[in-house]
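Chain residues, written in single-letter form:
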Amino acid sequence: MKATANLMARLRVCILAVFVCAVSALPAAAFEIKQVTSPGGVTAWLVEDHTIPLIAMNFSFAGGAAADPTDRRGLAHLLSGMLDEGAGNLDSAAYQARLNELAMRMSFGAGHDEFTGSLQTLSRNRDAAFGMLKLALSAPRFDARPLERIRGQVLTSLREDREDPETIAGAEWMRTIFRNHPYSKRAKGSAEGLAAISGDDLQDLTRRLFGRDTLIVAVVGDIDEQTLERLLDDTFGALPAKSQMPVVPKAAVSKGPIVTVVDRDIPQSVIRFGHASIKRNDDDFLIAYVVNHILGSGGFGSRLMEEVREKRGLSYGVYTTLYPLEQAGVFFGGAATVNARVSETMDVVRAELKRMAEDGPTAAELDQAKTYLTGSYALRFDSNRKIAGQLLGIQRENLGIDYVEKRNDMINAVTLEDVRRVAKRIIDADGLIFTIVGRPKAVQSSGNQG
Amino acid sequence: MLAEGQLGVAVFNRLNAIIMSAVVGLALVLATPDARALDVDVTHYTLDNGLQVVVIPDRRAPVVTHMVWYKVGAADEPRGKAGIAHFLEHLMFKGTDKVAPGELSKIVKRNGGQDNAFTSTDYTAYYQRIARDRLDLVMGLEADRMANLTLTDNDVIPERAVVQEERRSRTDNDPANLLSEQTVASLYVAHPYRKPVIGWMSEVQKLTRDDAMAFYRQHYTASNAIVVVAGDVTPAEVRTLVDKHYAPLANTAEPGERLRTPEPDPIAARRVQMADPRVATPTVQRYYLTPSYRTAAPREAEALDLLAHVVGDGTTSRIYRKLVVEDKIATFAGAWYDGNSRDYGTFGFYGAPAAGKTLEDVEAALEAVLRDVLANGITEDELARAKNAMLAESIYALDSQFRLATVFGSALAIGATIEDVQTWDDELAATTRDDIKAAAAKVLKIERSVTGLLKPAPRATAAAQPATTQN
């Protein structure tokens, strides 16, 4: 079965630059996405490109760290570090030696809502590399010695995180907004959770997690459809048909204003701010994405970058982002400034968010955002690895195989009325949750009964 | 050792970090093994005004990467002006007669492009990634700021505050990076590589507009620049645009030879140690002064790359197998070689003790691995595996247009040639076990090294628990 989307989407850019004004007619992406389904029923999106002798594959299963058992926090993350530590008749050392010999790259990751994997291989080692992945997914060993080693590495990394200002700010902010929901916990888990995890727990998770019904696959590079169909069956065909992961409960989110100061004796305070927002499947998401770009995600030229960095020299970086999870969406941003100027930075952030919510973007800002967002879309598709990553994301969000083709038109269709309405809807300058790590001058936590 | 200018905030880089990223303070050198052997059809020429041009085809997507590399970095700074090369990199976005302050990045954005810049000890580079029919535009912008930078204190003073915040974010807020800075400063007794690229705070806070303009006038000129274009464009198309934008530029300065005080022969092993309450994991690291690819004897730098791979790169390396897997002395440990600077390279190893073990245990175990290599060399099998893995890296590099452009641009900027890049695989293939043994014997001497020890320290007062409530 094949479905084909022709991706010769056109950039319709009216150039506003001072130097040139020409209409561009470049394809955003000069490639074709094919949907390939193997005889065994495993589906993948494929972009064939034989220019360089490499193949990149990204895949995911539904269910991640948020589905960790409450007494086994860190289980999915630990699994991501254990899958290449021995499988089948290869112990850890033999498995690692074989990966090295094949010069293949394989990695796994546990997000809140999904478990992801990636594989890159030289064409000449293709079948052997896919075979190694199959072994990891279907016959992992979880031997005691590598388990203790990797567990020790995660514990070390958790200890380091407790001293890293950026990590503390991020984790504490998530804890504040999501309170007791699983999203409030670090994917890496806790020392207690990690201590409780056995090899059997990991085996049990692989049987529940690796179900073909939630498997999503994207493959890009030097491989044809027939070969991919065969490798899809070889690699994933023997996995259980159904995933058995628990459903993560809907998340209630804290409302601001809240200010939390985490005291650390460092010269510069790290600031995180934000509040609840919308999910990816919200009809306004793409409009919100444009609003956020204008406010704080676009680097130079974004309102926050201009006000915080360019005019006042308050921070090296300042950004905002939409972070949609499956059971809730949030919006957050960050900056870092010398302790004496934290209060000023917070005031500028509040003022800019208020201005955006009340007045929305200007027509010029909207036009500029559109030319950037549509014009730069092709930059996300200039390597096998990046294309595979994009195609996986598009599938996970159910955006459709023609999304790459339609996406710039959808951005161009956003109106000034849209962005003004949605800015008001999604930004709440008075309801911000601030987390500050450092020793900020004249800033205190907004209460003491913690 | 890049100090990246401009935007550097990686959203969620930490929340999603995976296990193997636990290496402290060595990230950049370890993260990107080199790929000089690149099977690509490179065009290279020099204009009458001295500007070099490199064109690298990559026709897979309708985009280009345009870079301008200046052969000047932190090691070329005048005394007392540490950080001026990097500060000037920031100020290069502050406009010309034609382009208002901050406008360049906005023009690039309005055309769907992305831009940024970075500074190292040996070079400063600016780049745009953009649709191929915008190459004309970005070349015009770069040529303009190569010749016509204008600065006012209105732009310079806030930007100096930004650079100070950048230093606090990168270095002062992170004890591992503070110790690395001290270790490097001790490794070089005389050579300017001892200075951090971002500069010492005491000097950064005094840098002025005049300092920046003087440095700009001395170093930013056609004969000191390399233009690299990678992407969906032909050499002929690039030539037309180069003739339009870069060829008319007069060569306005002669930066002269890059004279830097050479290191005296190392005679004293050095140790630096730092204790800080913010240290969660003690670590030991040792840097050895070595030749770079440019200054090494034939196959010597390749030998050091192969040696580092066998001894300390990844979970199949000798150090990881011995210290982490078998003897359980360390939580993580490894070794690396960085030969990509102009005058010197560095061979390094590092480790963090496992529960119940000390820094001294780890250091002794690391030394034992090196002693074994010095006495017995490596095996043919290890050599073959290392070559195989490193050559594969150069194929993976072909998947990144940005990386291709960077490999060639940085090579020329430090004084290597296109041919050096393209024959790297032959040199690597020809490197023998004897070459490796000889390189190890020459370089791995304690008097050539600095050992850095990072230790925890008690807090003066316990950090207050976060207090949270809702209003």
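What you see is a predicted model, and the numbers here were worked out from it, not measured in a lab. Each chain has its residues counted from 1, following the order in which its sequence is written. Each chain is given a letter, starting from A, and each ligand a number, starting from 1, according to the order in which they appear as written. Thresholds applied to this predicted model are a pLDDT of at least 70 for local features of residues and 80 or more for the giving and counting of side-chain atom pairs; totals over whole chains, interfaces and linings are not thresholded and use all residues. Water and hydrogen atoms play no part in the side-chain values, which are based on all heavy atoms of the structure.

1. Details of the overall build of chain B
Then, in step 1: When you go through chain B residue by residue, the secondary structure sums to 17 helices and 12 strands.
Then, in step 2: The buried share of chain B, taken over its 471 residues, is 63%.
Then, in step 3: Whether two residues are in contact is decided by their heavy atoms, any of which lying within 4.5 Å being enough. For chain B, contacts bridging at least 24 residues in sequence account for 82% of all contacts bridging at least 6.
Then, in step 4: Computed with the Shrake-Rupley method and a 1.4 Å probe, the accessible areas treat only the protein chains shown as cover for residues. For chain B, the exposed surface amounts to about 17200 Å²; the carbon and sulfur share of it is 51%. Helix and strand assignments follow DSSP, with helices taken as H or I runs no shorter than four residues and strands as E runs no shorter than two, numbered in order from the N terminus. A 1.4 Å probe rolled over the protein chains alone gives each residue an accessible area, and that area as a share of the maximum for its type sets the label: buried under 20%, exposed over 50%, partly exposed in between.

2. Observations regarding the pairing of strand 7 (residues 225-231) of chain B
Residues and elements named next belong to chain B.
Then, in step 1: Burial analysis of strand 7 places 7 of its 7 residues in the buried class, which makes it a mostly covered element.
Then, in step 2: The two faces of strand 7 match: Ala225, Val227, Val229 and Gly231 on one face and Ile226, Val228 and Ala230 on the other face are all buried.
Then, in step 3: Strands were regarded as paired on the criterion that DSSP finds at least two bridges between them. Sheet topology places strand 3 (residues 52-57) next to strand 7; 6 bridges connect them, and they run parallel. Residue Val55 lies in a different strand from strand 7, and its bridge partner there is Val229.

3. A few points about helix 3 (residues 103-110) of chain B
Residues and elements named next belong to chain B.
Then, in step 1: Of all 8 residues that make up helix 3, 8 are buried, and the element is covered over most of its length.
Then, in step 2: Listed as buried for helix 3 are Glu103, Leu104, Ser105, Lys106, Ile107, Val108, Lys109 and Arg110.
Then, in step 3: Two residues or fewer past helix 3, Gly112 is found with a positive phi of approximately 75°.

4. Regarding the sheet that holds strand 11 (residues 329-338) of chain A
Then, in step 1: Read across the sheet, 5 strands follow the order 8-12-9-11-10 (chain A) without closing on themselves; strand pairing throughout is mixed. Unpaired on one side and paired on the other, strand 8 (258-263) and strand 10 (318-324) of chain A mark the two borders of the sheet. Adjacent strand axes in the sheet meet at a mean angle of 15° when their direction is disregarded.
Then, in step 2: Across 5 bridges, strand 9 (residues 268-277) of chain A lies against strand 12 (residues 433-438) of chain A in antiparallel orientation. Following the sheet pairing, Gly274 of chain A is matched in strand 12 of chain A by Ile433 of chain A.
Then, in step 3: Geometry is summarised by axes, namely lines fitted to C-alpha atoms with helices restricted to the contacting stretch, and by angles between N-to-C directions that run from 0 to 180 degrees. Along the sheet, helix 5 (residues 153-172) of chain B contacts strand 9 and strand 11 of chain A; its crossing angle with strand 11 of chain A, the most-contacted strand, is approximately 110°.

5. Overview of the nonpolar core
All names here are of chain A.
Then, in step 1: Within this scheme, the nonpolar core is defined by two criteria: the residues are buried Ala, Val, Leu, Ile, Met, Phe, Trp, Tyr or Cys, and they are joined through side-chain atoms within 4.5 Å. By size, the foremost hydrophobic cluster in this structure holds 68 residues, and its most contacted members are Phe59 and Phe236.
Then, in step 2: Take this core: its biggest share by element is 6 residues, from helix 3 (residues 126-138).
Then, in step 3: Setting aside residues no more than four positions away along its own chain, Phe236 makes contact with Val42, Met57, Phe59, Leu133, Leu137, Arg212, Leu215 and Val217.

6. Examining the packing of helix 9 (residues 285-297) of chain A against helix 14 (residues 403-412) of chain A
Residue and element names in this part refer to chain A.
Then, in step 1: For the pair helix 9 and helix 14, the least separation of the axes is 11 Å and the interaxial angle reads 60°. Helix-helix and strand crossings are classified by hand; for helix 9 and helix 14 the assignment is right-handed. Contact with helix 9, carried on its side by Leu286, Tyr289 and Val290, involves Tyr403, Arg407, Met410 and Ile411 of helix 14 and no other residues of that element.
Then, in step 2: Residue classes follow a fixed rule: Ala, Val, Leu, Ile, Met, Phe, Trp, Tyr, Cys and Pro count as nonpolar, while Asp, Glu, Lys and Arg count as charged, and any other residue, Gly among them, counts as polar. Grouping the constituent residues of the contact of helix 9 with helix 14 by class yields 6 nonpolar, no polar and 1 charged. Handedness of a helix crossing follows the sense of rotation of the near helix relative to the far helix, less than a right angle counterclockwise being left-handed and clockwise being right-handed.

7. Section: the sheet that holds strand 10 (residues 330-338) of chain B
Residue and element names in this part refer to chain B.
Then, in step 1: Strand order in the open sheet formed by 5 strands is 8-12-9-11-10, with mixed pairing between adjacent strands. Strands at the two margins of the open sheet, each flanked by one partner only, are strand 8 (270-276) and strand 10. Within this sheet the neighbouring strands show an average axis-to-axis angle of 10°, counted without direction.
Then, in step 2: Where strand 9 (residues 283-290) lies against strand 11 (residues 345-353), 7 bridges are found, and the strand directions are antiparallel. Each bridged residue has a counterpart across the sheet, and for Gln285 the counterpart in strand 11 is Tyr350.
Then, in step 3: On top of the sheet, helix 10 (residues 300-312) reaches strand 9, strand 10 and strand 11; it is set at about 170° to strand 10, its chief contact.

8. Topic: the packing of helix 1 (residues 75-82) of chain A against helix 7 (residues 199-209) of chain A
Each packed pair of helices is defined by two parameters, the angle between the axes and the distance between the axes.
Residues and elements named next belong to chain A.
Then, in step 1: At a minimum axis separation of 10 Å, helix 1 and helix 7 run at an interaxial angle of 95°. On the basis of their axis angle, the class for helix 1 and helix 7 is roughly perpendicular. Across the interface between the two elements, Leu75, Ala76, Leu78, Leu79 and Met82 of helix 1 pack against Asp201, Leu202, Leu205, Thr206, Arg208 and Leu209 of helix 7.
Then, in step 2: Residue composition of the contact of helix 1 with helix 7, by class: 8 nonpolar, 1 polar and 2 charged. Roughly parallel covers angles under 35 degrees, roughly antiparallel covers those over 145, roughly perpendicular covers 65 to 115, and oblique covers all other angles.

9. Topic: the pattern of salt bridges
Opposite charge on two side chains permits them to pair, given that their charged atoms come into close proximity.
All names here are of chain B.
Then, in step 1: For this analysis, a salt bridge means a side-chain nitrogen from Lys or Arg found within 4 Å of a carboxyl oxygen belonging to Asp or Glu. Within the structure shown, the criterion is met by 75 salt bridges over all chains.
Then, in step 2: With its nearest N and O atoms 3.3 Å apart, the salt bridge here joins Asp243 to Arg239. With a gap of 4 residues between them, Asp243 and Arg239 both fall in helix 9 (residues 235-245), about one helical turn apart.
Then, in step 3: Each of Asp76, Asp122, Arg258, Arg260, Arg294, Arg342 and Asp343 takes part in a single network of salt bridges with overlapping partners.

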